[in-house]
Every structure is written in structure tokens, then in C-alpha cells.
Amino acid sequence: MAATISDLEELSRRIRFELVKISHRAKTAHLGGALSCVDILVAAYWAALNIDPAAPFAPDRDRLILSKGHAVSALYATLAVKGFFPVSELETYNQNGGHMPEQPSPGCVLGVEWATGSLGHGLPVGAGMALAGKIKKRDYRVLVVMSDGECEEGSVWEAAMFAAQHRLNKLMAVVDFNKWQATGRSREILALDPLKAKWEAFGWHCHEINGHDLAALVDVMGTTVGRSERPIAIIAHTIKGKGVSFMEDDNNWHYRSPTAEEVVKAAAELKIT
Amino acid sequence: MRDAFAKEITELAGKNPRLILLMGDIGNHLFDRYRELYSDRFYNCGVAEANMIGVAAGLAASGFHPVCYTITPFATTRCLEQIRVDLCYHHVPVIVVGTGSGLSYASLGATHHSCEDVAMLRVLPGMKVLCPGDPLEVRGCLRAAVQEQGPVYLRIGKKGEPSVHQQVPNVEIGKCIVVKKGTSVCLLNSGHTLPIALEAAAQLDDLGISTEVASFHTVKPLDQDYLRNAFDAFQVIASVEEHSTLGGLGGSVAEWLSEQESVKARFMRFGTPDEFVHLAGDQAYVRDCFGLTPENIAAKVSGKVRRHLQTPLNKLSATS
């Protein structure tokens with residue numbers, strides 16, 4: 001049975017709480033950028049993409065690459081809730097000798113398609129996966145989730161040109177546009193605007209949406225692919241730290257992890273009982 | 001060497017449907033025959049090498065065995081991080097081919113020289129580094145490389161290099177090929193300087209110093225079995241390569257040597273020095289400046305042999 005928007009909202013709240021908890025337990029950074037992409041992941045895994053935890057290596061599965069590897073806590077929590085591995089295993093996140101490093105390693109847990117962490121790698125690799133699908137005449141889609149700061153990497157635009165040149169129309173790039181990067185506002189460091197015009201100039205179809213509007217995410221990610229020969233860029237306007245009021249749009253949460261008291265406050269805001 | 005590469009990759013692509021050739025807008029007409037036969041497995045990725053390596057990794061993760069071809073500095077150091085993260089960290093079967101290595105494009109200036117590439121790629125975990133010595137070894141190395149399950153770097157010259165072998169040798173990665181037997185001196189060569197090493201050996205033979213030449217077509221993994229025997233058998237061993245003496249074959253052997261208990265042979269390295277070339281000059285000119293000539297190698301090695309023979313063996317063992 002297809003998930004309703006209200007189901008997806010509940011999943012988003014649950015996943016946000018899981019990653020607040022593991023960030024507290026493991027004392028890890030990058031929580032703000034993890035929270036900003038949760039709705040994108042939920043829409044992708046529960047509605048837009050064809051990904052089955054019972055068949056993680058199925059040749060025709062859709063592929064999601066989280067190119068902003070620093071937000072992998074969000075992916076781990078998503079994969080756990082989706083059923084790739086038990087949610088209890090999230091307790092091993094960033095523990096010495098564990099399988100879930102602070103940025104993903106190759107094959108670290110089921111469901112992680114590619115190890116990332118150094119920015120600007122996901123889109124070229126995703127383009128390669130999409131090209132393989134095209135050559136083999138398979139229908140799978142490849143979705144690459146990137147950060148806005150990541151779009152400063154030249155390799156992103158090399159891949160953008162390549163994907164348009166070779167009409168990789170099963171490739172989607174979602175920019176989690178939370179307007180912050182490590183040390184400040186992305187607009188004040190290396191402005192991306194006009195970002196939509198940039199993607200269009202590179203030969204992509206580009207949709208600009210509210211990255212926390214699950215219905216819009218499901219619609220754009222689920223229905224636009226393959227309508228023309230162009231790859232699809234989705235600029236998802238998001239809020240860093242989304243879902244927990246005292247973390248929202250505050251770049252300190254690129255660095256700090258929540259206290260036990262803050263975890264309790266976050267649980268109340270996320271309606272976790 | 002590049003013609004041998006083009007011919008071999010075309011033949012291999014006919015037998016192996018997983019092979020797919022990516023290139024960085026180089027090799028005018030070099031791959032015409034390949035493209036004619038396998039147009040769906042040929043992609044000119046343009047002047048965008050970082051993307052080419054990433055695309056290759058994505059293809060490899062999806063069942064292909066990509067081969068990425070362009071001029072050496074752009075195939076290697078330009079996109080070193082993509083090679084490190086996307087190819088080596090993920091340990092995917094991708095062959096990176098650097099063409100015009102070393103000083104092959106000497107006259108184009110130091111941007112087109114590659115005397116550091118072996119040093120940088122061989123430290124990457126899981127990466128195998130192949131430096132064939134003649135066009136037939138290029139073919140043998142490529143045949144071996146397509147059997148690998150992980151990343152391989154294949155470092156080749158340009159065109160017109162003479163053939164040393166009579167036929168394509170059966171290349172086993174990590175096992176050198178002795179191309180000339182000798183008893184006093186051994187020259188370990190990696191890459192397209194093989195004819196220089198052979199000519200130096202001939203000159204040493206003429207001086208009464210019997211010289212062996214081994215083609216180290218594999219720099220990593222190093223053929224330690226051969227080295228162990230050679231350092232016990234010969235008086236002088238010298239590495240020859242069109243690469244910096246830092247980090248290439250010479251550097252690799254020096255590292256290995258530093259952990260051996262005691263050996264008979266003295267070791268020397270011939271390669272490029274720790275500097276860029278700033279003046280105009282073709283390959284022969286720059287080789288001459290750097291002492292990468294048969295005459296210089298023969299002179300330096302014969303001098304070392306004479307000095308070595310003057311040192312009593314009992315004194316050597318007392319100090320070792």
C-alpha cells in the first residue's frame with residue numbers, strides 16, 4: 001500500500017529523532033545538514049524510488065548516492081527505518097570498530113551505494129551508473145543528493161555537462177539548498193545564484209521546490225524522470241537543522257552535538273512519545 | 001606504444017563485452033577502428049578528467065570494466081583524488097592509462113611531463129602500477145590488467161618506441177621479465193627506457209662487465225623474489241626509469257632494500273632529478289641533461305663496479 005503524506009511526515013519525524021539521538025550518543029557533528037535532507041530521503045525511499053531492502057543488489061533497483069557524505073547519519077537512520085538493518089544497530093554509529101563511520105565507507109552497511117565524504121564525487125559516479133543503465137537498456141534511475149556548498153566543486157559541473165551530452169535522462173541531482181556551508185552563508189562565500197539558470201544552461205531540466213514539502217518531493221522525484229532526454233536537477237530549498245526549532249537555521253549545528261537535555265526537547269518537538 | 005595499446009584494446013573489446021573505453025579528448029584517429037566496431041562502448045569524456053574517473057567508477061560498479069585513456073599528467077595527478085576515492089577506496093576494476101609518460105612530450109613543457117605519477121599512484125592502497133618497456137609489453141600488460149578485479153595504472157610512452165621482444169610476452173603482474181642475462185651487473189628497468197637499459201648493458205658487456213637487464217613492467221607489487229636473488233647474485237644493481245628517482249621503481253627498490261638484513265650488491269638509481277624542466281628541449285635533449293643515456297649509465301655503473309671490487313668482501317661483512 002502506498003504511503004500517504006501523513007505516513008511520510010511521521011517517518012521524517014522518527015528519522016530526525018533517531019539521528020538527533022545518535023549524534024548525541026556518538027558526539028558527532030554535521031547534524032544541521034543531516035536534518036535538512038531527511039525529507040528528501042524519506043520521499044525517495046518510501047515513495048519516489050524503487051528500492052527494496054529485501055533485494056539490495058537487484059540489478060534494476062534505483063540507486064541513491066548521498067554525495068554530501070557528512071550527512072550520512074541521516075542515511076543510516078533512513079536505511080535502518082526502511083529495514084536494511086535493525087534500528088538497534090544505529091547504536092554502533094561512529095563507535096570504534098563499528099561498521100558505521102562518521103562518513104560512509106564502501107559497503108559499510110546494506111543500502112549505501114557509494115562511499116562519499118569528499119564533495120563533488122557523487123554526480124560523476126552517478127552519471128557512470130546512469131550511463132551503464134542506458135547502455136544495458138535498463139530502466140533504473142539514479143538519484144544523487146548534494147549539498148549547496150558541494151556545487152562549488154568543479155567536478156559537479158564536469159558531470160553536469162557529461163550527463164547532458166549523453167542524454168542521461170534517468171539521472172537526477174537533488175541539491176539540498178540549506179543556504180549554509182561550513183563557515184557561513186553559501187551566498188556570501190561562493191554564491192550559487194542563479195542556481196536554476198545554471199542547471200538549465202548546462203542542459204538539465206530544473207525544478208525548484210520546497211525541500212520539506214513531501215508531496216512536492218514525491219511528485220518531482222517520482223514523475224519527471226524520462227519525460228525528455230534531459231537529466232533532472234531539483235533545487236530543494238531547505239532549512240539547516242529542520243525539525244528542531246533551536247537547531248533551525250543555526251550553523252552552530254554544523255559542529256556541535258546535542259546534550260541529553262536537548263535530546264529530550266527535540267523529542268517533544270518531533271512528537272516522539 | 002599508443003598504437004600497440006589501441007590495437008590491443010580493440011582486440012580485447014571484441015572478446016570481453018565488459019570493456020568500455022573512456023578517453024579525454026586525445027588520440028586523433030587512434031581509436032577509429034575501435035569506435036567503428038564498438039561505438040556503444042566508447043566515450044570521449046572531453047577535457048574533464050575528474051569526471052571521467054568518476055564515470056568510470058560508476059560504470060565499474062554497474063558491471064563494466066572501464067579503461068580511461070589520456071596524457072599521463074591529466075590521467076593521473078590531475079584527478080588523483082578521484083583515483084584515490086572512487087577507484088582505490090572502492091576497489092573497482094578500472095584501468096587508468098597514461099600515455100606519453102615521463103619525458104615523451106618533453107618539448108611541450110613540464111605541464112606535459114610526468115615524472116611523479118608512479119610515486120603518487122603506487123602509494124594508493126590496492127592500486128597496481130604497470131610500466132611496460134616496449135610496445136609488445138604494452139599489449140601483454142593490458143591483457144593481464146583486464147583480468148584484474150581492482151584498479152590498475154598502465155603507464156605507456158608515445159609512438160615509435162622500438163620493440164625489444166619478438167612477440168607479446170606473457171605478463172604476470174608482479175613478476176619481472178629478464179630480457180638479457182648477465183652475471184656482474186643488473187639493470188632494473190621500468191617503462192619505455194628499456195632500449196636505453198639494453199644499450200647500456202651492451203656497452204658494459206663490451207667493457208667486460210656482464211650485465212643482466214630485467215624489465216620491471218610492474219612497479220607495484222614489486223617482484224621481491226627476483227630482487228632477493230639479484231641482490232645476492234650481482235655486484236651492482238641499478239634502476240633505470242624516465243621518472244623521478246624519488247618514489248618510482250628506484251624509490252620502491254630503495255624502500256625494500258632498507259629492510260633487508262645484508263645484501264651483496266650496491267644499488268644505484270637512474271631517473272629524473274627532483275626538479276622541473278624550464279628550458280625548451282626534446283626528449284633526447286632532456287634525457288641527456290638528466291643522464292638518462294646508455295653512455296652515462298654505463299660509465300657510472302662501471303665506475304661503481306670498479307670501486308666495489310676494490311672493497312674486500314670481509315670488510316663489507318664486518319661493517320654490515
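Asker: I'd love a proper account of the overall build of chain A, names of residues and values included.
Answerer: Regarding its fold elements, chain A presents 10 helices and 7 strands. Relative to the 2.2 N^0.38 estimate, which gives 19 Å for 273 residues, the radius of gyration of chain A is 17 Å and therefore close to what a compact globule would have. Taken over the C-alpha atoms alone, chain A extends approximately 50 × 45 × 35 Å along its principal axes. Considering chain A as a whole, with its 273 residues, one finds that 52% of them fall into the buried category. Taking contacts inside chain A between residues at least 6 apart in sequence as the whole, the part at least 24 apart equals 76%.

Asker: So what about the pairing of strand 8 (residues 185-190) of chain B? Which residues, and what values?
Answerer: Residue and element names in this part refer to chain B. By the criterion of burial, strand 8 is predominantly enclosed, with 6 of the 6 residues buried. Side-chain alternation along strand 8 places Val185, Leu187 and Asn189 on one buried face and Cys186, Leu188 and Ser190 on a second face that is also buried. After leaving strand 8, the chain enters helix 8 (residues 194-206) and then returns to the sheet as strand 9 (residues 211-215), a path that is right-handed. Bridge count for strand 8 against strand 11 (residues 236-244) is 6 bridges, and the pairing is parallel. Note on strand 11: the bridge partner recorded for Asn189 is Val240.

Asker: Lay out the interface of chain A and chain B with the relevant residues and their values.
Answerer: Listed by partner, the interface residues are 19 residues for chain A and 21 residues for chain B. It is helix 5 (residues 122-135) of chain A that contributes the most residues to the side of chain A that touches chain B, 10 residues altogether. Its residues assigned to classes, the side of chain A that touches chain B shows 12 nonpolar, 6 polar and 1 charged.

Asker: Now, about the nonpolar core: what can you tell me, with residues and values included?
Answerer: Counting residues in hydrophobic clusters, the biggest one holds 186 residues, and the most contacted among them are A:Ala43, A:Ala74, B:Leu22 and B:Cys68. Sort the elements by how many residues they give to this core and helix 3 (residues 38-48) of chain A lands first, with 10 residues. Mapping this core onto the domain boundaries places at least three of its residues in each of domain 1 (2-155) and domain 2 (177-319) of chain B. In this structure, B:Cys68 is in contact with B:Leu22, B:Met52, B:Ile53, B:Ala56, B:Ala75, B:Val94, B:Val96 and B:Val97, ignoring residues within four places of it in sequence.

Asker: Go over the environment of A:His99 with me, naming the residues and quoting the values.
Answerer: Residue and element names in this part refer to chain A. You can see His99 is positioned in the loop between helix 4 (72-82) and helix 5. With 16 C-beta atoms counted inside 10 Å, the residue His99 sits in the partly exposed group. A C-alpha to C-alpha distance of 25 Å links His99 and Asp39, two positions 60 residues apart in sequence. Those residues within four positions of His99 in sequence are excluded, and the remaining contacts are Thr92, Cys108 and Val109.

Asker: Tell me about the sheet that holds strand 2 (residues 142-147) of chain A, residues and numbers included.
Answerer: Residues and elements named next belong to chain A. Across the sheet, which stays open at both edges, the 5 strands sit in the order 1-2-3-7-6 with parallel pairing between neighbours. Among the strands making up the open sheet, the edge pair consists of strand 1 (63-66) and strand 6 (205-210). Adjacent strand axes in the sheet meet at a mean angle of 20 degrees, parallel and antiparallel pairs treated alike. With 6 bridges connecting them, strand 6 and strand 7 (residues 232-237) associate as parallel partners. Of the residues in strand 7, the one forming a bridge with Cys206 is Ala233.

Asker: Please provide a residue-by-residue account of helix 3 of chain A, values included.
Answerer: Of all 11 residues that make up helix 3 of chain A, 11 are buried, and the element is covered over most of its length. For helix 3 of chain A, the full list of buried residues reads A:Val38, A:Asp39, A:Ile40, A:Leu41, A:Val42, A:Ala43, A:Ala44, A:Tyr45, A:Trp46, A:Ala47 and A:Ala48.

Asker: Run through the confidence of the model for chain B, naming residues and quoting values.
Answerer: All names here are of chain B. With 97% of its residues at a pLDDT of 70 or more, chain B has an overall mean of 95. Confidence drops under pLDDT 50 across residues 316-320; counting only partners more than four residues distant or on other chains, this segment forms 2 contacts. For this predicted complex, the interface score ipTM comes out at 0.96, alongside a pTM of 0.96.

Asker: So, the packing of helix 3 of chain A against helix 4 of chain A: which residues are in play, and what are the values?
Answerer: Residues and elements named next belong to chain A. Running from N to C, helix 3 and helix 4 point in directions that differ by 35 degrees, and their axes come no closer than 10 Å. For helix 3 against helix 4, the interelement crossing comes out right-handed. Mapping the contact onto sequence places Val38, Leu41, Val42 and Tyr45 in helix 3 and Ala74, Leu75, Thr78 and Lys82 in helix 4. Residue composition of the contact of helix 3 with helix 4, by class: 6 nonpolar, 1 polar and 1 charged.

Asker: Tell me about the sheet that holds strand 5 (residues 128-130) of chain B, residues and numbers included.
Answerer: All names here are of chain B. The 7 strands are arranged 2-1-3-4-6-5-10 in an open sheet whose pairing can be described as mixed. For this open sheet the edge positions go to strand 2 (42-44) and strand 10 (218-220), each flanked by a neighbour on one side alone. Sheet twist, expressed as the mean angle between neighbouring strand axes with direction ignored, is 20 degrees. Those strands touched by helix 7 (residues 135-145) are strand 4 (95-99), strand 5 and strand 6 (152-155), and its axis lies near 170 degrees from that of strand 6.

Asker: So what's going on with the domain arrangement of chain B? Residues and values would help.
Answerer: All names here are of chain B. On domain assignment, one finds that chain B holds domain 1 (2-155) and domain 2 (177-319). Each partner contributes to the interface: domain 1 provides 24 residues, whereas domain 2 provides 28 residues. Of all the elements in the fold, those that place two or more residues in the side of domain 1 that touches domain 2 are helix 6 (117-122), strand 5 and helix 7. Of the residues contributing to the side of domain 1 that touches domain 2, the split by class is 12 nonpolar, 6 polar and 6 charged.

Asker: Explain the pairing of strand 2 of chain A to me, and be specific about the residues and the numbers.
Answerer: All names here are of chain A. Among the 6 residues that make up strand 2, 6 are buried, leaving the element largely enclosed by the rest of the structure. Across 4 bridges, the pairing between strand 1 and strand 2 is parallel. In the sheet register, Ile65 faces strand 2, and the bridge partner there is Val144. Sheet topology note: the strand 2/strand 3 (residues 171-177) ladder contains 6 bridges and is parallel. Its bridge partner being in strand 3, Met146 is matched across the sheet by Val175. With respect to chirality, the unit in which strand 2 leads through helix 6 (residues 154-165) into the neighbouring parallel strand 3 is right-handed.

Asker: Can you lay out the packing of helix 1 (residues 5-26) of chain A against helix 4 of chain A for me, pointing to particular residues and giving the numbers?
Answerer: All names here are of chain A. Running from N to C, helix 1 and helix 4 point in directions that differ by 125 degrees, and their axes come no closer than 9 Å. In terms of orientation, helix 1 lies oblique with respect to helix 4. The way helix 1 lies across helix 4 gives a crossing that is right-handed. Contacts from Leu11, Arg14, Ile15, Glu18, Leu19, Ile22 and Ser23 in helix 1 reach Ser73, Ala74, Ala77, Thr78 and Val81 in helix 4. Along the lines of polarity and charge, the residues of the contact of helix 1 with helix 4 split into 7 nonpolar, 3 polar and 2 charged.

Asker: Account for unusual backbone geometry, with residues named and values stated.
Answerer: The linkage connecting A:Asp193 with the following residue, A:Pro194, adopts the cis geometry, with an omega of -5 degrees. Look at the link from B:Lys220 to B:Pro221: it is a cis peptide, with omega at 0 degrees. Among the secondary structure elements, B:Pro221 is positioned in the loop between strand 10 and helix 9 (224-233). Of note, the phi angle at A:Arg167 is positive, near 50 degrees, even though the residue is not glycine. Residue placement: A:Arg167 occurs in the loop between helix 6 and strand 3. Taking the C-beta count within 10 Å as the criterion, A:Arg167 has 16 such neighbours and is therefore assigned partly exposed.

The rules behind the values
Residues numbered from 1 in each chain as written. Chains lettered and ligands numbered in written order. Predicted model: local features only at pLDDT ≥ 70, side-chain atom pairs only at ≥ 80, totals over all residues. Helix = DSSP H or I, 4+ residues; strand = E, 2+ residues; numbered from the N terminus. Rg over C-alpha atoms; globule rule 2.2 N^0.38 Å. Buried ≥ 20, exposed ≤ 12 C-beta atoms within 10 Å, placed from the backbone. Contact = placed C-beta atoms within 7 Å. Right-handed = clockwise from strand over helix to strand, strands pointing away. Pairing = 2+ DSSP bridges. Nonpolar A, V, L, I, M, F, W, Y, C, P; charged D, E, K, R; others polar. Core = buried A, V, L, I, M, F, W, Y, C linked by C-beta atoms within 7 Å. Domains from an automatic or database assignment. Axes fitted to C-alpha atoms, helices over the stretch in contact; angles between N-to-C directions. pLDDT = per-residue confidence, 0-100. Left-handed = near helix turned anticlockwise from the far one by under 90°. Parallel < 35°, antiparallel > 145°, perpendicular 65-115°, else oblique.

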